[in-house]
Amino acid sequence: MANKMASCIFCKIIKGEIPCFRLAETEKTLAFLDINPLSQGHALVIPKVHGEKLTDIPDDHLTDILPIAKKLALATGAHEYNILQNNGRGAHQEVGHVHFHMIPKPNPQEGLGISWPQQKTDMDKLKALAEEIKSKM
Ligand code: AMP
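These numbers come from a predicted model, not from an experiment.

Asker: A description of the environment of K70 should follow, citing residues and the corresponding values.
Answerer: Mapped onto the fold, K70 is located in helix α3 (residues 59-76). Taking C-alpha positions, K70 is 35 Å from D122, a pair spaced 52 residues apart along the chain.

Asker: Could you give an account of the site of the ligand, naming the residues involved and the relevant values?
Answerer: As a matter of local geometry, the ligand sits amid 16 residues, with D34, H92, E94, H99 and H101 nearest to it. Measuring from an oxygen atom of the ligand, one finds a backbone N or O atom of H92 at 2.7 Å. Between E94 and the ligand, the recorded distance is 2.6 Å, taken from a backbone N or O atom to an oxygen atom. The protein chains hide 85% of the 510 Å² of surface that the ligand would expose on its own. If you list the elements that add at least two residues to the shell around the ligand, you get α2 (9-15) and β2 (29-33). Of all the elements, α2 adds the most residues to the shell around the ligand, at 3 residues. Here the residues of the shell around the ligand are counted per class, giving 8 nonpolar, 6 polar and 2 charged.

Criteria and thresholds
Residues numbered from 1 in each chain as written. Predicted model: local features only at pLDDT ≥ 70, side-chain atom pairs only at ≥ 80, totals over all residues. Heavy atoms only, no water. Helix = DSSP H or I, 4+ residues; strand = E, 2+ residues; numbered from the N terminus. Near = heavy atom within 4 Å. Polar contact = N/O pair within 3.5 Å; in protein donor to acceptor, adjacent residues only side chain to side chain. Areas by Shrake-Rupley, 256 points an atom, 1.4 Å probe, with all protein chains shown as cover. Nonpolar A, V, L, I, M, F, W, Y, C, P; charged D, E, K, R; others polar.

Keep in mind that these numbers describe shape and distance, not what the molecule does.
Here it is, written out as structure tokens:
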């Protein structure tokens, strides 16, 4: 973990070793502009503790994040926007430090484009799956 933190670009931003356009900050959270925006106002909200995936972050840090994403959505004046959080390379995560994107969607061309490959299923399968997941929570 210490090695990963030392080389983590977002940990360096938190420590001020790499510059960023800071938007908001609390004891547990930092928000700044994405350097390669999908639309104007595209911002990232990150926990100040290092963790690669959502499941690595303590709950009290996670609960600090969404209110800041909400404030950013309001402050950018975005009427339509996506909150996105990728986990793992296969799920399009490039930076291995948890981050929530707040991406304004001003028009069909700018912002997040989504492929939504829905699968066929049936009620019995969904019921069995819901029971299985609930039993593990
Ligand atoms: P993801 O694919 O979810 O891991 O997204 C990583 C995001 O981090 C991308 O949108 C990048 O543009 C953004 N990013 C990477 N380095 C920086 C940086 N130094 N400052 C701001 N945003 C960054």
